[in-house]
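Observations on the model geometry
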Amino acid sequence: MQTKSKDLKKLSWEEFYNTPLDKKLSYFAENNHLFDCLFSQQFNRKNIDHIFSVATKIRTIAKSKEGLDWLQTLLSHKRAMLYFIQPSTRTFLSFQSACYILGLKVSEIRSTSTSSEAKGESLEDTVRTFSSYTDLLIMRHFEEGFAEKTAWLLNKTKRPVPIINGGSGKDQHPTQALLDLYTLNWAFNDKGGIDNKTIAMVGDLKRGRTVRSLTYLLKNYKNIKFVYISPDYLRIGEDIKHFLKKHRMKYIETDDMKKSIQDADAIYMTRIQDEYDINHESKDIDYSKFHLKKEHLKLIKKNAIIMHPLPRRDEIEHSIDNDPRAMYWRQERNGMWIRAALIAHIFRIEGSILYY
Ligand code: NCD
């Protein structure tokens, strides 16, 4: 049972933050339609499939100048702000490009040193200021809960603007999960879809937000088996394991990459997230056992796909890029289309796109 939005509005931030997610999702929706996009748990099969069709349609329309010119009229009366105070290449550029595709005007803040937070302005005032100038706020922040707090604050004002989470600390990255899922869906299109597949996730599963968000999103598919491969210190979080058990989803944990990638249909590689180290605690981990090398290609399934949210360090040898199973550059490009589709969905313009 979801609590009514108006009751949720009365809660203090601490009370709201500690409310279980399933009880507060209605606060981020408008008449059952996605308003803020903060967590993977906001998606179900219906809105996932819908956003996928919109993404594919936008991609087709944008192939011609006439089509792209038309798309650019759809939200030409709207402004978006990209508030990215944690480093980003792909998420930032693909959101910016997605906004351009739909005609939104974009402004950006990429460091608190250039905004008035440097003068001691509070979060409340900073965020309220954003909403005076923009119709959509896309944000990446190193603090878990910051995007949620922003949405909590703005939804109580007279001028709420939708918030999209482009990465919230170690917690979630729901739009990366959407593009990962869109890529999986494309790759398994003629292989029975995503249901019944074995997904191996390799690397820093403790602090990698993409792994967490993709795990949550895959709950919408049947009989998925997760193989979590990591050094002992970087194992998947207890909260994720609790989620998997609650939803009766199958998983195993191992540190034997060579053996366990052999049965996988998708191998999702990740980087060590040492920016979250407090005392260089991941410095001494031998990460080389969790690198995908050319010699592994003959061990994995002929039809398996290799994914990575990027950026990579040495997790995937560069020579693997030319293998037809390597999907990470496609993932990157898919990010732009899926983000355009998500924005179209939030602004409820997808009807005209699908009928184009
Ligand atoms: C990921 C992120 O920021 O979490 N990158 C991305 O958005 N494509 C993964 C990472 O930084 O390792």
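Residues numbered from 1 in each chain as written. Predicted model: local features only at pLDDT ≥ 70, side-chain atom pairs only at ≥ 80, totals over all residues. Heavy atoms only, no water.

Let's shift gears to the packing of aromatic side chains. All chains considered together, the criterion is met by 17 aromatic pairs. The interplanar angle of 50° and the centroid separation of 5.5 Å between the aromatic rings of Trp13 and Trp152 together place this pair among those described as tilted. Of this pair, Trp13 sits in helix H2 (residues 13-17) while Trp152 is found in helix H8 (residues 146-154), placing the two residues 139 residues apart along the sequence. With respect to burial, Trp13 and Trp152 carry one shared label: buried. Ring centres of Tyr83 and Phe146 lie 6.4 Å apart, and the angle between their planes is 25°; on these two criteria the pair is classed as stacked. In this pair, Tyr83 sits in strand E3 (residues 79-84) while Phe146 sits in helix H8, placing the two residues 63 residues apart along the sequence. Assigned by exposure class, Tyr83 and Phe146 land together as buried. (Phe/Tyr/Trp six-rings, centres within 6.5 Å; stacked < 30°, edge-to-face > 60°. Helix = DSSP H or I, 4+ residues; strand = E, 2+ residues; numbered from the N terminus. Buried < 20%, exposed > 50% of the residue type's maximum accessible area, 1.4 Å probe, protein only.)

Further remarks concern the side chain of Arg209. Mapped onto the elements, Arg209 comes out in helix H10 (residues 209-217). One buried charged residue, Arg209, forms no salt bridge at all, with the nearest opposite charge on Glu275 at 6.1 Å. When sequence neighbours within four positions are dropped, the list of residues in contact with Arg209 reads Gln86, Arg140, His141, Gly167, Ser168, Gly169, Lys170, Asp171, Gln172, His173 and Tyr276. (Lys, Arg positive; Asp, Glu negative; His and termini not counted. Salt bridge = Lys/Arg side-chain N within 4 Å of Asp/Glu carboxyl O. Contact = heavy atoms within 4.5 Å.)

This next bit is on the sheet that holds strand E5 (residues 136-141). Taken together, 4 strands build an open sheet; the order of strands is E4-E3-E5-E6 and the sheet is parallel. Among the strands making up the open sheet, the edge pair consists of strand E4 (105-109) and strand E6 (163-168). Each neighbouring strand pair of the sheet contributes to a mean axis angle of 15°, computed without reference to strand direction. Relative to E6, E5 runs parallel, the two sharing 4 bridges. When the bridges of E6 are listed, His141 appears paired with Ser168. (Pairing = 2+ DSSP bridges. Axes fitted to C-alpha atoms, helices over the stretch in contact; angles between N-to-C directions.)

Next up on the list: the sheet that holds strand E10 (residues 266-269). In a beta sheet, neighbouring strands are held together by backbone hydrogen bonds and run either parallel or antiparallel to one another. Ordered in space as E9-E8-E7-E10-E11, the 5 strands form an open sheet in which the pairing is parallel. Across the chains shown, the open sheet's two edge strands, defined by having one partner strand only, are strand E9 (250-254) and strand E11 (305-307). Here the average twist between neighbouring strands, direction ignored, is 15°. Note that strand E7 (residues 198-202) and E10 share 4 bridges and pair parallel. For Met201, the partnering residue across the bridge sits in E10 and is Tyr268.

Another point: helix H13 (residues 328-346). Since there are 3.6 residues in each turn of an α-helix, residues three or four apart along the chain are aligned in direction. The end-to-end C-alpha distance of H13 is 26 Å, a good match for the 27 Å that 19 residues give at a rise of 1.5 Å each. The largest bend in H13 comes to about 30°, at Asn334. Among the 19 residues in H13, 15 count as buried, and that is most of the element. In the stretch just after H13, Arg348 is the one whose phi turns positive, near 55°. (Expected span 1.5 Å × (residues − 1). Bend = angle between axes of the 7 residues up to and from the residue.)

Split into domains, the chain comes out as domain 1 (3-173 + 335-354) and domain 2 (175-333). Computed over C-alpha atoms, the centres of domain 1 and domain 2 are 26 Å apart. Listed by partner, the interface residues are 33 residues for domain 1 and 26 residues for domain 2. Interface area for domain 1 against domain 2, summed over the two sides, is near 2700 Å², with a carbon-plus-sulfur share of 54%. (Domains from an automatic or database assignment. Buried area = accessible area lost by both parts, 1.4 Å probe.)

Time to look at helix H4 (residues 45-61). Over its 17 residues, H4 runs 24 Å from end to end, which matches the ideal 24 Å to within 8%, given 1.5 Å per residue. The inward-facing, buried residues of H4 contact helix H5 (65-74), helix H6 (90-101), helix H9 (174-187), H10, H13 and helix H14 (350-354). At the N-terminal boundary of H4, the capping side chain belongs to Asn44, with an oxygen 3.0 Å from the backbone nitrogen of Lys46. (Polar contact = N/O pair within 3.5 Å; in protein donor to acceptor, adjacent residues only side chain to side chain.)

Side chains Ala266 and Tyr268 project from E10 onto one buried face, and the interleaved Ile267 and Met269 project onto a second face that is buried too. In this sheet, E11 lies alongside E10 in parallel orientation, the contact comprising 3 bridges. Bridged to Ile267 within E11 is Ile306.

The omega angle of the peptide bond from Leu310 to Pro311 is 5°, so this bond is cis rather than trans. The backbone of Asn196 shows a phi angle near 70°, a positive value even though the residue is not glycine. Position of Asn196 among the secondary structure elements: in the loop between H9 and E7. Look at Arg348: it is not a glycine, yet its phi comes out positive at around 55°.

A separate point is the site of the ligand. Around the ligand, the neighbouring residues are Thr91, Arg140, His173, Gln176, Arg209, Thr210, Arg271, Gln273, Pro309, Leu310 and Pro311. For the ligand, a nitrogen atom lies 3.2 Å from a polar atom in the side chain of Gln176. For the ligand, an oxygen atom lies 2.9 Å from a polar atom in the side chain of Gln273. In isolation the ligand has 320 Å² of accessible area, and contact with the protein removes 94% of it. Its residues placed into classes, the shell around the ligand shows 3 nonpolar, 5 polar and 3 charged. Taken domain by domain, the shell around the ligand gets at least three of its residues from each of domain 1 (3-173 + 335-354) and domain 2 (175-333). (Near = heavy atom within 4 Å. Areas by Shrake-Rupley, 256 points an atom, 1.4 Å probe, with all protein chains shown as cover. Nonpolar A, V, L, I, M, F, W, Y, C, P; charged D, E, K, R; others polar.)

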